[in-house]
Amino acid sequence: MNTIKNYLESMFAQLPNTPEVWKAKDELWQMMEDRYTDLIADGKTENEAVGAVIAEFGNLDELAETLGIRGAMNQAPQYQASILSASDAFQLIKDKSRASLINGIAVLLFICSVMSPVVFSSLSIGENSGTLGVVGMFVMIAVGVGLEIYQNTMIGKWKYIHNQPCQIDADTASQVYNEMESFRGTAAIMKMLAVALLVLCVTPTILSSTLQDAGYRSSIGVVFMFLFIGLGVMILVAVDGREKAYKELVNLNPQSTIAGSYVPNYGEDVIYHSTAMTAFMQVFWPTVTCIYLSWSFLTFDWHISWVIWPIAGLIFALLKNLFGTEVRR
């Protein structure tokens with residue numbers, strides 16, 4: 001029966017998500033189920049019964065008038081979407097989760113790269129300590145750039161799902177959605193840990209200020225502050241990447257079709273009017289973070305620099321409303 005059920009889902013997948021189509025789908029399922037039961041009762045094997053049912057009811061064009069969905073079939077897309085298999089779907093999640101972790105590590109290296117000059121200058125190993133610190137900083141940045149290139153290469157093979165019509169079947173959609181819901185609790189814990197690291201990032205500098213030794217110990221607070229910030233951002237990037245992989249899959253099936261009902265609606269997406277604005281909004285918050293940290297450490301005006309966050313929030317909301325359109329998924 002699962003074979004018949006899956007075949008029925010594929011027949012109706014691209015039809016409009018309307019009460020009339022749902023009624024026709026239920027009626028056809030009942031007809032298929034009754035016919036399958038009769039064939040089994042007549043002594044047919046399961047494979048024979050399944051084949052006979054599909055042969056008799058498998059052509060929706062021939063049944064459209066009887067089911068009253070001729071108009072709905074005319075509204076269906078004319079293209080045939082590629083079906084992403086369950087193995088490919090979960091491989092996509094695996095690849096994009098790994099890529100987001102690598103991206104998070106790259107961001108960690110970018111943030112922590114400023115630690116190198118601080119550490120080497122505090123070691124007082126001679127005239128070259130400043131030079132070694134700068135070299136170390138650029139090495140960390142170079143490794144981070146390399147990781148960014150690698151993770152982009154990793155996920156490049158999945159770009160085709162946006163360049164051509166792709167869908168997932170009912171079973172795959174259900175499996176992905178269930179795994180996404182299972183990950184929700186883990187994601188919440190990891191985000192709480194990340195936020196805790198970001199909130200507590202100033203405590204190492206406060207504690208180090210109590211040290212009497214003005215030597216290398218005075219840099220410990222700054223080093224650990226950047227480490228806390230880097231780890232917090234890395235966790236957020238990694239978790240966000242995995243969540244986006246799940247969301248990307250469950251949103252492959254348009255909500256306007258029957259296939260879009262395989263999982264509950266999953267929030268709203270914002271589509272921007274240009275690719276340039278889309279790219280800008282993707283780097284908006286990382287840029288704000290860099291500006292905040294640069295301003296704060298260059299001036300040490302921590303009591304003032306915090307105002308960048310509410311200002312950035314207002315700018316983000318304004319740009320989103322002016323240049324973006326919310327699309328219900």
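The structure displayed is predicted, hence computed values, not measured ones. The written sequence of each chain sets the order in which its residues are numbered from 1. In view of the model being predicted, local features appear only for residues whose pLDDT reaches at least 70, and side-chain atom pairs are presented and counted only at 80 or more, with totals across whole chains, interfaces and linings using the full set of residues. Hydrogens and waters are ignored; side-chain quantities use all the structure's heavy atoms.

Please set out the packing of aromatic side chains residue by residue, giving values where relevant.
Only Phe, Tyr and Trp rings are paired, with Trp represented by its six-membered ring, and only when their centres lie within 6.5 Å; those with planes under 30 degrees apart are stacked, over 60 edge-to-face, the remainder tilted. Per the stated rule, a full pass over the model turns up 4 aromatic pairs. For the ring pair F183 and Y246, a centre distance of 6.0 Å and an interplane angle of 50° mean the geometry is tilted. Here F183, found in helix 10 (residues 170-199), pairs with Y246, found in helix 12 (residues 220-250); they are 63 residues apart in sequence, far enough to count as distant. Burial classes follow relative accessibility: with a 1.4 Å probe on protein chains only, a residue under 20% of its type's maximum area counts as buried, one over 50% as exposed, and anything between as partly exposed. Y246 gets classed as buried once you look at its relative accessible area, which sits at 0%. Members of the aromatic cluster, connected to one another through ring pairs, are F280, F284 and F316. For a lysine, the NZ atom is tested; for an arginine, the CZ atom; a charge sits over a ring if that atom is within 6 Å of the ring centre and within 35 degrees of the ring normal. In this structure, K5 packs its charged tip against the face of W29, placed 4.7 Å from the ring centre. Across the ring face of F183, the terminal group of R242 is positioned such that the distance to the ring centre comes to 4.6 Å. Helix numbering and strand numbering both begin at the N terminus, where a helix is a DSSP run of H or I of at least 4 residues and a strand a DSSP run of E of at least 2.

Got a sec to walk through the packing of helix 6 (residues 86-112) against helix 10? Specific residues and values, please.
For any two helices packed against each other, one specifies the inter-axial angle together with the distance between the axes. Viewed as axis vectors pointing N to C, helix 6 and helix 10 meet at an angle of 30°, and their least axial separation amounts to 10 Å. Considering the angle they form, helix 6 stands roughly parallel to helix 10. Considering how the two elements wind past one another, helix 6 and helix 10 form a crossing that is right-handed. In this structure, helix 6 uses A86, A89, F90 and I93 to contact helix 10, whose residues at the interface are T172, Q175, V176 and E179. Working convention: axes come from line fits to C-alpha atoms, limited for helices to the stretch in contact. Angles between N-to-C directions cover 0 to 180 degrees. Under this scheme an angle from 65 to 115 degrees is roughly perpendicular, one under 35 degrees roughly parallel, and one over 145 degrees roughly antiparallel; angles in between are oblique. Here is the rule for handedness: rotate from the far helix to the near one, and if that takes an anticlockwise turn smaller than a right angle the crossing is left-handed, while a clockwise turn gives right-handed. The criterion used for residue contact is that any of the two residues' heavy atoms lie within 4.5 Å.

How would you summarise the side chain of S100 if you had to cite specific residues and measurements?
Relative to the helices and strands, S100 resides in helix 6. By relative accessible area, S100 is classed as buried at 7%. Once residues lying within four places of it in the same chain are set aside, the contact partners of S100 are V237, A238, G241 and R242.

Which residues make up the pattern of salt bridges, and what values do they have?
Think of a salt bridge as a Lys or Arg side-chain nitrogen and an Asp or Glu carboxyl oxygen that are within 4 Å of each other. Under the counting rule described, the total for this entry stands at 8 salt bridges. For K244, the salt bridge goes to D240, with nearest N and O atoms at 3.3 Å. Here K244 and its partner D240 are both found in helix 12, 4 residues apart, which amounts to about one turn of the helix.

Can you break down a nonpolar patch on the surface residue by residue, with the values?
Excluding any residue in a salt bridge, patches collect residues exceeding 30% relative accessible area, merging like charges within 9 Å and nonpolar Val, Leu, Ile, Met, Phe, Trp and Tyr side chains within 5 Å. Under the convention used here, a 1.4 Å probe and the Shrake-Rupley method define accessible areas, while residue burial counts only the protein chains that appear. A surface patch of nonpolar side chains, about 230 Å² in accessible area, is lined by V135, V139 and V143. Inspection of the secondary structure puts V139 in helix 8 (residues 129-155).

For the packing of helix 2 (residues 19-41) against helix 3 (residues 46-57), give the residues involved together with the corresponding values.
At a minimum axis distance of 9 Å, the contact between helix 2 and helix 3 shows a crossing angle of 140°. The angle between the axes of helix 2 and helix 3 places the two elements in the oblique class. Note on packing geometry: the crossing formed by helix 2 with helix 3 is right-handed. For the pair formed by helix 2 and helix 3, the contact residues are L28, M31, M32, R35, Y36, L39 and I40 on the first element and E46, A49, V50, A52, V53, E56 and F57 on the second. Residues are sorted three ways: Asp, Glu, Lys and Arg are charged, Ala, Val, Leu, Ile, Met, Phe, Trp, Tyr, Cys and Pro are nonpolar, and all the rest, Gly among them, are polar. When the residues that make up the contact of helix 2 with helix 3 are grouped by side-chain class, the tally is 11 nonpolar, no polar and 3 charged.

How would you summarise the confidence of the model for the protein chain if you had to cite specific residues and measurements?
Each residue carries a pLDDT value, the predictor's own confidence for that position, ranging from 0 to 100. This prediction gives the protein chain a mean pLDDT of 81; 87% of its residues lie at or above 70. Averaged over each element, pLDDT in the protein chain is lowest for strand 4 (residues 324-328) (59) and highest for helix 6 (92).

Account for helix 3, naming residues and giving values.
Any helix carries an expected span of 1.5 Å times its number of residues minus one. Between its first and last C-alpha, helix 3 extends 16 Å over 12 residues, near the 16 Å set by a 1.5 Å rise per residue. Every buried residue of helix 3 is listed here: A49, V50, V53 and F57. An end-on view of helix 3 places all buried positions within 100° of arc, on one side of the element. When the buried face of helix 3 is taken as reference, the exposed residues oriented beyond 90 degrees from it are N47 and A55. Within this analysis, the arc is defined by the directions that extend from the helix axis to the C-beta atoms.

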